[in-house]
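# Observations on the three-dimensional arrangement
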Amino acid sequence: MPFTHQEHFRQQVERILPTVAKPGRYVGGELNQTVKPWDAVQTHVALVFPDIYDLGQSNLGMALLYDLLNQRADVAAERAFAPWVDMEAAMRTAGIPLFSLENKRPLLDFEIVGVSLPYETLYTNFLNLLDLAGIPLYSEQRTIEHPLVIAGGQAVYNPEPVAPFVDAFAIGEGEEVLLEIVDAHQSWAESTQSRQDLLIRLAGIPGVYVPALVDVTYHPDGTIQSVHPRHPAVNLPVDKRILAKLPPPLSRFLVPNIEVVQERVSVEIMRGCTRGCRFCHAGMVNRPIRERPVPEILAALEAGLDQTGYEEISLLSLSSSDHSEIIALIDGLKSLLTERQVNITLPSLRIESFSEDLMDVLQSLSPGGGFTLAPEAGTERMRNIINKPLSDKELMSTVRSVFEHGWKTLKLYFMIGHPQETLSDVQAIAEVCQAVLQEGRRIAGGRARVHAGVSTFIPKPHTPFQWVPFEDTESIQTKITLLQDALRGSKVKLTWNDPQASLLEAWLSRGDRRLAAVIHRAWENGARFDAWGDQFQIEPWRAAFADSGLDPDFYSFRARDLDETLPWDHINAGVRKAFLVRDYRYSLAGKIRPDCRGQCYACGILSSFDELRLTGPDGGWKCP
Amino acid sequence: MSTETPISRIRVRYTKGESLRFTGHLDLQRLWERLLRRSGLPIRYTQGYHPRARLNLASALPLGFVSDDERLDFWMDESRPLEEILDQLRCSAPPGLEIQSVRMVDLGEDALQVRMKASEFVVAFYDPQDREVLMRKVNSLLAQEEIQHVRRKKVYDLRPLILNLEVITVPSGDTGLWMRLLAEPGATGRPDDLLEELGYPNTAYLIRRTQLILAEGNECTPP
């Protein structure tokens, strides 16, 4: 029987699978996957998550867009992930290009390749996947024969470091704009226009940024001189897209046939956050707050459990305890959870905002688990600077309550390297941990455990700290050593981030377009899986900076002037620069700005989305 | 959560197809647990913080194999008509897993693993094989009194685990192999080890388990 080209391709793949670890990553075929006959749809979209299946398949954003696109009869969305190093080697040896899991099609067969970039350390994997797919790395090298490469996700609020590799960015929430991009592609495909015409069409869609149509010039010192459109279709700044009202949550989840990092029904109960922590990128760029109503959440959880058989549910948001109906929600969950013998995880609880009631219910629902709190800093002074105000007394009272409710393990998250941080602020982290452990032992006895997770502060774009330098690696190391010494023999378990990995993130998150050359070179030097502790190496990056003639310290350790044009200034995340400047000045004075649901500080979200707000639900996003 | 004795034990015969080839034994257990949860049947859970469905698989199928004959027991807290159970399981099965039949089993019967005796396998090669050459390889392997095979740095004698080994014509018309290997607790033969002894790497073939052979119980052996 003669093989078609496609059958031959499948068999080629099948034959290398027994030689690699966890081959189940590369076969698809899961419950609830959508496979459409290839020729039955007009537009094929490959949704790419540039890390392995185990991680990417757990990503809610991917799952959501997959579902949304596949609801359209004229579109097929298929998935592709990064092969692990062994599979990549086997694929390159056998000449197998990156392929989708559903129809096992090479990515070159798709009209659109949509890449999810939730964090910066995926950039080298992104390039590696383009290369493995046989797609030219640079937008300018692609022709009408190549797929349109689009990207979205939290990292692309500063799109510049990967701008030359992406044809069009979707800035902000993707649910609507992705469909508009597909529409634009379809009407372009029916025309006889050039690829440049497609880019121009896309640039006309609100929330779409086409870097090839925007020029950037630099001052001799490397700072930006000007950013200007190369075409009248381009409007700068590019306003992010948001939904006035969240649609009903996803309830159709794929059920992987192999173990992945998160296997549960996840429902986003709320988007946005009003707390205004100054270090927090997500809290700034995801404004305003939009809550999902309790009945909608419960219905989605129930449907999700019916469709998956999962034994765990998770409620997602930036600050779950801030949902105005959290008690009603948790109450509503009780019967669902006990009937079905299901566990719950509820991350992101604010220390000061949850009541005894909430703790009672949580303890009864999930008696075995640990409890997590994120004071972020050890002293009240420091917490005021970062605008996460919390008195030592409040902290200890919550800690007491947690242990009294029966939890035995408490995990505390802190950051070091905050602006204006001194060694005594760091010392205080150790003291807080010890005091917490002592309190735990007094209440819960010898089974009380305290874990301190310490990460490094990285200044992020669109936050009040976007101008401050990243702390130099030596001081970070000094602070880590201080904590290690202070907690040695104390039974507090301490974990911390590799300062070199944080440094990479610091370079990339506030990079400009010139950094693309560094990313490209680092990839050529062998960098990939930079988010993986056991794969990440700093040397390919240092060499790449040297080769590109750029100074890494310029990106990490330089304090920016308040009037400098920043590489992401032409992207409007909804929060005005004037607001950020004011908030930064407040931080220098140690002044806090409490939750903005009580008082509006004019961050800019309302002026940016004035008209949209009127179409939203009553209550206007909790903005006063 | 009931602490009383479960009231029924159900044995399922099912097949494991191509799309589940690379779902290993532990993952398959989790897959079954979820299948049972989706079915809405009154399944029996274990006690504790993280209740799991109580289930028991007859014999681990190595990664990369497909199978026509897998079996599993699960327990329920209430009884249900067998046709209803069959329907519910079929509706809840993921792609690649086909439910063949269900039957009721005595609560006191030995665990499936304990009753395992042997497994039969058919090997289809990706590339056409010369029948004569394959015959010679098979005969010379079977002529050995001892086959010292190294698996994960451990040496064991493969020969006593081989009950039958024959060259056959597989459904595609090509030359393949059929074998029956011992599968008792602590003495389970692996077809991929045997194929390695014949000189075939695991990229050269697809193995299908065609039948499980169990010790006599109150269960009819499938045709």
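For every chain, the first residue of the written sequence is number 1, and numbering continues from 1 onward in sequence order. Note on labels: chains are lettered from A, ligands numbered from 1, in written order. pLDDT decides what is reported in this predicted model: residues at 70 or higher carry local features, side-chain atom pairs at 80 or more are listed and counted, and totals for whole chains, interfaces and linings draw on all residues regardless. Only hydrogens and water are removed before side-chain values are computed, so all heavy atoms of the structure are retained for them.

## Structural notes on the environment of A:Ala77
All names here are of chain A. In this fold, Ala77 is placed in strand β2 (residues 75-81). For Ala77 and Val35, which are 42 residues apart along the polypeptide, the C-alpha to C-alpha distance reads 8.5 Å. Here a residue-residue contact requires only that any non-hydrogen atoms of the pair lie within 4.5 Å. For Ala77, the residues in contact, after removing those within four places along its chain, are Thr34, Val45, Leu47, Tyr66, Leu69 and Asn70. Secondary structure is summarised from DSSP: a helix means a run of H or I of at least four residues, a strand means a run of E of at least two, and numbering begins at the N terminus for each.

## Thoughts on a negative patch on the surface
All names here are of chain A. Two distance rules govern patches: like charges are joined within 9 Å, and nonpolar side chains (Val, Leu, Ile, Met, Phe, Trp, Tyr) within 5 Å, applied only to residues with over 30% relative accessible area and no salt bridge. Only the protein chains shown count as covering a residue, and every accessible area follows the Shrake-Rupley method with a 1.4 Å probe. When a carboxyl oxygen of Asp or Glu lies within 4 Å of a side-chain nitrogen of Lys or Arg, that pair is called a salt bridge. In summary, the charge assignment counts Lys and Arg as positive and Asp and Glu as negative, without counting His or the chain termini. Each charge is placed at NZ for Lys, CZ for Arg, CG for Asp and CD for Glu. A cluster of acidic side chains, namely Glu356, Asp357, Asp360 and Glu404, defines a negative patch on the protein surface. Per-element tally for the negative patch: the top contributor is helix α11 (residues 356-365), with 3 residues. Take Glu404: it is sitting in helix α13 (residues 392-404).

## Section: the packing of aromatic side chains
Two aromatic rings, drawn from Phe, Tyr or Trp (for Trp, its six-membered ring), form a pair once their centres lie within 6.5 Å of each other, and the interplanar angle then sorts them: stacked below 30 degrees, edge-to-face above 60, tilted otherwise. Applying the stated criterion across every chain yields a total of 18 aromatic pairs over all chains. Taking 5.8 Å as the distance between ring centres and 80° as the angle between the ring planes, the aromatic pair formed by A:Phe9 and A:Phe99 counts as edge-to-face. In this pair, A:Phe9 sits in helix α1 (residues 5-16) while A:Phe99 sits in the loop between α4 (85-94) and β3 (112-116), placing the two residues 90 residues apart along the sequence. Taken individually, A:Phe9 and A:Phe99 each receive the classification buried, so the pair is uniform in this respect. Ring geometry for B:Phe65 and B:Phe121: centres 6.0 Å apart, planes at 90°, overall edge-to-face. Of the two residues, B:Phe65 sits in the loop between β2 (55-57) and β3 (66-76) while B:Phe121 sits in strand β5 (residues 116-125), which places them 56 residues apart along the sequence. Each member of the pair, B:Phe65 together with B:Phe121, is buried. Aromatic rings pair up to connect A:Trp507, A:Phe545, A:Phe554 and A:Tyr555 into one cluster. When the ring centre of A:Tyr66 is taken as origin, the NZ or CZ atom of A:Arg79, which lies over that ring, is 5.6 Å away. For every residue, the accessible area (1.4 Å probe, protein chains only) is compared with the maximum for its type, and the residue is labelled buried under 20%, exposed over 50%, or partly exposed between those bounds. Placement of a charge over a ring requires the Lys NZ or Arg CZ to be within 6 Å of the ring centre, with the centre-to-atom vector within 35 degrees of the ring normal.

## A closer look at the pattern of salt bridges
Residue and element names in this part refer to chain A. Summed over the entire model, instances satisfying the criterion amount to 70 salt bridges over all chains. Taking the shortest distance from any N to any O, the salt bridge between Asp183 and Arg72 comes out at 2.9 Å. Of this pair, Asp183 sits in helix α6 (residues 174-189) while Arg72 sits in the loop between α3 (60-70) and β2, placing them 111 residues apart in sequence. Exposure remark for Asp183: the relative accessible area of 39% places this residue in the partly exposed category. For Arg72, a relative accessible area of 17% corresponds to the buried category. Beyond isolated ion pairs, a larger network of salt bridges with shared partners links Glu173, Glu175, Glu268, Arg271, Arg290 and Arg292.

## Digging into a positive patch on the surface
Positive charge collects at one region of the surface, where A:Arg441, A:Arg447, A:Arg449 and A:Lys491 lie side by side. When you line up the elements, A:Lys491 lands in the loop between α15 (473-487) and β18 (492-496).

## Describing the interface of chain B and chain A
Across the boundary between the two partners, chain B contributes 26 residues, which contact 30 residues of chain A. Accessible area that two parts lose when put together, evaluated with a 1.4 Å probe and summed over both, is termed the buried area. Buried surface at the junction of chain B and chain A, summed over both partners, amounts to about 2500 Å²; 51% is from carbon and sulfur atoms. Scanning the region where chain B abuts chain A turns up 5 salt bridges. Residue B:Arg34 is joined to A:Glu311 by a salt bridge in which the shortest nitrogen-to-oxygen separation is 2.8 Å. Think of a polar contact as two N or O atoms within 3.5 Å of one another; within protein, one of them needs to be a possible hydrogen donor and the other a possible acceptor, and neighboring residues in sequence only count if both atoms come from side chains. There are 12 residue pairs in polar contact (both at pLDDT 80 or more) connecting chain B and chain A. Each residue gets one label: Ala, Val, Leu, Ile, Met, Phe, Trp, Tyr, Cys and Pro are nonpolar, Asp, Glu, Lys and Arg are charged, and the others, such as Gly, are polar. Classifying every residue of the side of chain B that touches chain A by side-chain character gives 12 nonpolar, 5 polar and 9 charged.

## A few points about the domain arrangement of chain B
Residue and element names in this part refer to chain B. Domain delimitation follows an automatic or database domain assignment. Here chain B is partitioned into domain 1 (8-109) and domain 2 (114-214). The distance between the C-alpha centroids of domain 1 and domain 2 comes to 27 Å. Listed as interface residues are 17 residues of domain 1 and, on the opposing side, 15 residues of domain 2. Approximately 1300 Å² of surface area, both sides summed, lies buried where domain 1 meets domain 2, with 51% of it carried by carbon and sulfur atoms.

## Describing the state of the cysteines
Disulfides are defined as cysteine sulfur pairs within 2.5 Å. The final tally for this structure, using the stated rule, is 0 disulfides over all chains. No disulfide involves A:Cys277; its sulfur sits 6.0 Å from the nearest other cysteine sulfur, which is in A:Cys280.

## A word on the sheet that holds strand β1 (residues 43-49) of chain A
All names here are of chain A. Strand order in this open sheet of 6 strands is β2-β1-β3-β4-β5-β6, and the pairing throughout is mixed. Two strands close off the open sheet at either side, each with one partner strand: β2 and β6 (208-209). Alignment of β3 against strand β4 (residues 148-152), held across 5 bridges, turns out to be parallel. Opposite Val113, over in β4, you have Val149 as the bridge partner. Every angle, taken between N-to-C directions, lies between 0 and 180 degrees, and every axis is a line fitted to C-alpha atoms, over only the stretch in contact when it is a helix. Against the sheet, α3 makes contact with β1, β2 and β3, and its axis sits at roughly 155° relative to β2, the strand it touches most. Along the sheet, helix α7 (residues 195-203) contacts β4, β5 (168-170) and β6; its crossing angle with β4, the most-contacted strand, is approximately 25°. Two strands pair under a simple rule: DSSP has to find at least two bridges between them.

## A look at the nonpolar core
Residues and elements named next belong to chain A. Throughout this description, the term nonpolar core refers to a set of buried Ala, Val, Leu, Ile, Met, Phe, Trp, Tyr and Cys residues connected via side-chain atoms within 4.5 Å. Ranked by size, the top nonpolar core spans 112 residues in total, and within it Leu117, Phe126, Leu202 and Trp541 carry the most contacts. Sorting elements by how many residues they give to this core places helix α5 (residues 123-133) first, with 7 residues. Ranked by size, the runner-up nonpolar core spans 68 residues in total, among them Ile269, Leu315, Leu358 and Leu412.

## Concerning the layout of surface pockets
The computed volume of the second largest pocket comes to approximately 1100 Å³. Residue lining of the second largest pocket: 30 residues in total, with A:Gln11, A:Glu14, B:Glu18, B:Tyr126 and B:Leu206 positioned closest to the centre. At the level of secondary structure, the elements contributing two or more residues to the lining of the second largest pocket comprise α1 of chain A together with β5 and β11 (205-214) of chain B. Top element by residues in the lining of the second largest pocket is α1(A). It accounts for 5 residues. Shared between two domains, the lining of the second largest pocket takes at least three residues from each, and those domains are domain 1 (8-109) and domain 2 (114-214) of chain B. Grid points spaced at 1 Å over the protein atoms alone were grouped into cavities, where a 1.4 Å probe fits but cannot get out, and pockets, open sets with protein on both sides within 12 Å along at least five of seven lines, with lining residues defined by an atom within 4 Å of a point. Grid points are joined across faces, edges and corners, and a volume is the space filled by probe spheres set on the points.

## Things to note about the sheet that holds strand β15 (residues 371-376) of chain A
All names here are of chain A. Pairing in this open sheet of 4 strands is parallel, and the strands run β15-β16-β17-β18 from one edge to the other. Unpaired on one side and paired on the other, β15 and β18 mark the two borders of the sheet. Strand after strand, the sheet turns through a mean of 20° between neighbouring axes, direction not considered. Pairing analysis gives 8 bridges linking strand β16 (residues 409-416) to strand β17 (residues 449-456), with the strands arranged parallel. Across the sheet, residue Phe414 finds its bridge partner in β17, namely Val454. Contacts between α13 and the sheet are confined to β15, β16 and β17, with β15 contributing the most and set at about 170° to the helix.

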